[in-house]
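# Fold and geometry: a report
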Amino acid sequence: MSSMQELAKQNPGLISGWRLSVTLQPGTPLKWLLRHGEVKEGASYPSEEIPTSFAMWMPIVKTWAELGVPRKESSPTMASAVGQIPVDGGDLLPFLIKYRSIVELVPILHQGRQIRRLKAEYPEFSHLVEQANRPGAGKLKRFPGSYKRHLRRLGKR
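For clarity, every value in this text was computed on a predicted model and none was experimentally measured.

Moving on to the overall build of the protein. Check the secondary structure of the protein and you find 5 helices and 5 strands. In sequence order, the protein lays out its α and β elements as α-β-α-β-β-β-β-α-α-α. A sequence separation of at least 24 residues applies to 58% of the contacts in the protein between residues at least 6 apart. Carbon and sulfur atoms make up 55% of the accessible area of the protein, which amounts to about 10,200 Å² in all.

This part takes up the layout of surface pockets. Reported here for the largest pocket is a volume of approximately 450 Å³. Around the largest pocket, the lining is made up of 17 residues, and of these R19, P59, V61, P76 and V87 lie nearest the centre. Mapped onto the lining of the largest pocket, the elements with two or more residues apiece are β1 (15-22), β3 (55-61) and β4 (77-78). Considering each element in turn, the lining of the largest pocket owes the most residues, 4 residues, to β3. The residue inventory of the lining of the largest pocket, partitioned by class, reads 10 nonpolar, 4 polar and 3 charged.

The next subject is the confidence of the model for the protein. Confidence in the prediction of the protein, expressed as mean pLDDT, is 83, and 82% of residues score 70 or more. Mean pLDDT in the protein bottoms out at helix α5 (residues 145-155), which sits at 59, and peaks at helix α2 (residues 30-33), which reaches 97. Note that residues 137-141 has pLDDT below 50 and, in this model, 6 contacts with residues that lie over four places away or in other chains.

Now for the packing of helix α3 (residues 92-105) against helix α4 (residues 108-121). With their axes 10 Å apart at the nearest point, α3 and α4 run at an angle of 175 degrees to one another. In this view, α3 runs roughly antiparallel relative to α4, as classed from their interaxial angle. Each of F95, K98, Y99, I102 and V103 in α3 lies in contact with α4, whose residues at this interface are Q111, Q114, I115, L118 and E121. Along the lines of polarity and charge, the residues of the contact of α3 with α4 split into 6 nonpolar, 2 polar and 2 charged.

Time to look at the environment of P59. On the secondary structure map, P59 appears in strand β3. Expressed as a C-alpha distance, the spacing of P59 and S16, which sit 43 residues apart in the sequence, is 7.7 Å.

Of all hydrophobic cores here, the largest spans 28 residues; its most connected members are L20, L24, L92 and F95. Counting only elements with at least two residues in this core, the list comes to α1 (3-10), β1, α2, β3, α3 and α4. A total of 7 residues in this core trace back to one element, the largest contributor, which is α3. The contact partners of L92, leaving out residues within four places of it in the chain, are L24, S80, V82, I85, F125 and L128.

What follows is about the environment of I15. If you trace the backbone, I15 turns up in strand β1. Residue I15 is classed as buried on the basis of its relative accessible area of 4%. Separated by 28 residues in the primary sequence, I15 and A43 place their C-alpha atoms 5.0 Å from one another. In this view, I15 contacts L7, A8, G42, A43, P59, I60 and K62; residues no more than four positions away in its chain are not counted.

The rules behind the values
- Residues numbered from 1 in each chain as written.
- Predicted model: local features only at pLDDT ≥ 70, side-chain atom pairs only at ≥ 80, totals over all residues.
- Heavy atoms only, no water.
- Helix = DSSP H or I, 4+ residues; strand = E, 2+ residues; numbered from the N terminus.
- Contact = heavy atoms within 4.5 Å.
- Areas by Shrake-Rupley, 256 points an atom, 1.4 Å probe, with all protein chains shown as cover.
- 1 Å grid on protein atoms, 1.4 Å probe; cavity = no way out; pocket = protein on both sides within 12 Å on 5 of 7 lines; lining within 4 Å.
- Points joined across faces, edges and corners; volume = space filled by probe spheres on them.
- Nonpolar A, V, L, I, M, F, W, Y, C, P; charged D, E, K, R; others polar.
- pLDDT = per-residue confidence, 0-100.
- Axes fitted to C-alpha atoms, helices over the stretch in contact; angles between N-to-C directions.
- Parallel < 35°, antiparallel > 145°, perpendicular 65-115°, else oblique.
- Core = buried A, V, L, I, M, F, W, Y, C linked by side-chain atoms within 4.5 Å.
- Buried < 20%, exposed > 50% of the residue type's maximum accessible area, 1.4 Å probe, protein only.

Dropping the structure here:
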């Protein structure tokens, strides 16, 4: 039993549903990015098997008001490659959906120009995707330079 299934079993009165939280990374396949934020109602853990490398069901905890506590609510956030963002994916999710649409659906001959346009449209995220590191079939063709340097240092230990 996973820790989330155990959480659901032990705290049914605190959970109002489950939200699919997708890994917001350039290598996450389009089919998963499109499902980010999907909600399953109810306290019991969803039965669908999800590959944890791409997504995970996260509990939607009842609000203070639903629990009868008069307290101000805060906006939930999630971790991402660019730091904390809104749970709905903020501006990063549309960028990644457009990027993965290019990588998965556009012929490779036309990808470079479209990726450059995308980087110009979203300059705050352009560092996430370099044309030379364009994923193919969900995997990077080669490691970005920062990873290569890190791996070389690990080999020297």
